[in-house]
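Here's the letter readout for the chains.
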Amino acid sequence: MMISYVKRGLKRMEYNSYFASEDAAVVFALQETDGIGWKTIHKLASLQMPLIEALRMPTPKLLAAGIPAKQARVIQSIRIEETIEVRLPVYMENHVHIITPFDNDYPTLLKEISTPPWVLYVLGDKNRLKYPSFAVVGTRHPTYYGKQAAEKLSRELSNTGLTIISGLARGIDKIAHTGALQGRGSTIAVLGTGLDQIYPREHRALFQSIAEKGCIVTESPWGTPFHPGLFPLRNRIIAGLSLGTLVVEAAERSGSLITADYALEYSRDVFAVPGPIFSKQSQGTLKMIQQGAKLVTCCSDILEEYEHRVSLHSMEASDEGALQDEAELTEDERFIIRLFEGTESFTFDQLLEKSKFTFGHLHSVLLHLTLKTQIIQLPGSSYMRNMDS
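(A) Local environment of the overall build of the chain. Assigned secondary structure in the chain consists of 19 helices and twelve strands. The buried share of the chain, reckoned over its 389 residues, is 53%. Considering only intrachain contacts with a sequence separation of at least 6, the fraction spanning at least 24 residues in the chain is 68%. For the chain, the exposed area adds up to about 18,000 Å²; of that, 51% sits on carbon and sulfur atoms.

Written as structure tokens, this is what we have:
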């Protein structure tokens, strides 16, 4: 499919910088079309043919494929080139990255969930999506105790190099982001709105800080109006991007429990901070602990799930933010270290291919080695051997 941008002055080179394939371009156009949702794109992508051919199918075949009549009519009216011609400049002008499942930049962990977003709109450092990440969520109305716990745990987890993910909401989400920005790592905010809609409005300065030092992510196109129903969908992305999810404070019907439910559905780790038995904000987390969530009282309660054989001392950041380690390397860690012999650096994907480890296990091993100062993480999710170790 040759897409021309002559009318708007877009060059083919600029098109290629946004879309790695024809399917990626078509998915973007579908996502930008009113009346087309996740299920419709999923059905089209399941037809075992290029998406552009699926769009050209006659209405009876679309109906036979399970596409409702209303969506079939919308599909028949789509003009891919015109949609991209109108919508792509909006993102280019605002320095927004567009990532689809057809792109190498799409987060591997997110591909594992049952309903991965068809398009991610990313403002800031898109490479953050490949870093080991951990979700911290909770009530919008935290107690002083909850605020202290969220800030301390987020900052300490960030000091290990983990990227903290939350939803930019009031309360625990905001504190998780600010705590993470104080550490050595960074943070990712997942929105339920388009990138042009900062909600709540008082978080505008925080939004800017995260865009500069981490990244902002959404699946909602630019200009999507605010709607409360979008926020539960956002929660699945928070859980899907993360190795595990920590709920700091939550009432029995708190929306943050939805994120924990998604984490369980995706076979990710779930943690909870205990609270006073008479506190309304602790009823949800106490129930989570009763049902099997791991109780968290300090950073090491989380890290020990990923940092086997790393001493507690090695997990605590010094004033300079350096992490020391005296533990011996495991067999898998020694195997990864040997891969670096004679090679300056590897990307995460290269290490995944060479080691044959699972995605989660390799993340864990690399995090071990980083904490033990055996390797150094570089920008772009690359790693090199620390020759000073």
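(B) Spatial organisation of the sheet that holds strand β1 (residues 96-99). A sheet is described by the order of its strands in space; here nine strands give the open sequence β1-β2-β6-β5-β4-β3-β7-β8-β9, paired in mixed fashion. Since the sheet does not close on itself, it has two edges, and those belong to β1 and β9 (294-295), each with one partner. Strand direction decides the pairing type here: strand β3 (residues 133-137) and strand β4 (residues 163-166), joined by three bridges, are parallel. Across the sheet, the residue bridging to serine 133 is threonine 163, located in β4. The strands that helix α14 (residues 283-290) touches are β7 (244-247), β8 (269-272) and β9; relative to β8, the one it contacts most, it runs at about 130°.

(C) Layout of the side chain of arginine 234. If you trace the backbone, arginine 234 turns up in helix α12 (residues 230-241). No salt bridge is formed by the buried arginine 234. Its closest oppositely charged neighbour is aspartate 173, at 4.5 Å. Ignoring sequence-local partners within four residues, the contact set of arginine 234 consists of Arg140, Gly167, Val190, Leu191 and Gly192.

(D) Representation of the packing of aromatic side chains within the structure. Evaluation of the coordinates by the stated rule reveals ten aromatic pairs. Aromatic side chains phenylalanine 28 and tyrosine 91 sit 5.8 Å apart centroid to centroid with 80° between the ring planes, which places their arrangement in the edge-to-face category. Residue phenylalanine 28 is found in helix α2 (residues 22-31), and its partner tyrosine 91 is found in helix α7 (residues 80-93); the two are separated by 63 residues along the sequence. For the ring pair tryptophan 38 and tryptophan 118, a centre distance of 6.2 Å and an interplane angle of 40° mean the geometry is tilted. Residue tryptophan 38 is found in helix α3 (residues 38-45), and its partner tryptophan 118 is found in the loop between α8 (108-111) and β2 (120-124); the two are separated by 80 residues along the sequence. Its relative accessible area of 23% is what places tryptophan 38 among the partly exposed residues. Members of the aromatic cluster, joined through ring pairs, are Phe19, Phe28, Tyr91, Tyr121 and Trp222. A cation over a ring is seen here: arginine 170 above tyrosine 199, with NZ or CZ 5.9 Å from the ring centre.

(E) Inspection of helix α13 (residues 256-265) at higher detail. Turning to α13, its buried residues number three or more, namely Ser256, Leu257, Thr259, Ala260, Tyr262 and Ala263. Where the residues of α13 are buried, they touch β3, α12, β7, β8 and α14. One or two steps after α13, the chain reaches serine 267, where phi turns positive at roughly 60°.

(F) Layout of unusual backbone geometry. Cis geometry is adopted by the peptide bond preceding proline 200, which originates at tyrosine 199 and carries an omega value of -5°. Mapped onto the fold, proline 200 is located in the loop between β5 (187-190) and α11 (204-213). You will see that glutamine 48, though not glycine, has its phi angle at about 55°, which is positive. Within the secondary structure, glutamine 48 is located in the loop between α3 and α4 (51-55). Although it is not a glycine, leucine 168 sits at a positive phi angle of roughly 65°.

(G) Quick look at the packing of helix α17 (residues 331-339) against helix α18 (residues 348-355). Across the interface, α17 lies against α18 with an axial gap of 11 Å and an inter-helix angle of 115°. Considered as vectors, α17 and α18 are oriented roughly perpendicular to each other. Every pair of crossing elements has a handedness; the one defined by α17 and α18 is right-handed. Across from Phe335, Ile336 and Leu339 in α17, the residues of α18 making contact are Leu351, Lys354 and Ser355. For the contact of α17 with α18, the class distribution of residues is four nonpolar, one polar and one charged.

Calculation notes
- Residues numbered from 1 in each chain as written.
- Predicted model: local features only at pLDDT ≥ 70, side-chain atom pairs only at ≥ 80, totals over all residues.
- Heavy atoms only, no water.
- Helix = DSSP H or I, 4+ residues; strand = E, 2+ residues; numbered from the N terminus.
- Buried < 20%, exposed > 50% of the residue type's maximum accessible area, 1.4 Å probe, protein only.
- Contact = heavy atoms within 4.5 Å.
- Areas by Shrake-Rupley, 256 points an atom, 1.4 Å probe, with all protein chains shown as cover.
- Pairing = 2+ DSSP bridges.
- Axes fitted to C-alpha atoms, helices over the stretch in contact; angles between N-to-C directions.
- Lys, Arg positive; Asp, Glu negative; His and termini not counted.
- Salt bridge = Lys/Arg side-chain N within 4 Å of Asp/Glu carboxyl O.
- Phe/Tyr/Trp six-rings, centres within 6.5 Å; stacked < 30°, edge-to-face > 60°.
- Lys NZ or Arg CZ within 6 Å of the ring centre and 35° of its normal.
- Parallel < 35°, antiparallel > 145°, perpendicular 65-115°, else oblique.
- Left-handed = near helix turned anticlockwise from the far one by under 90°.
- Nonpolar A, V, L, I, M, F, W, Y, C, P; charged D, E, K, R; others polar.

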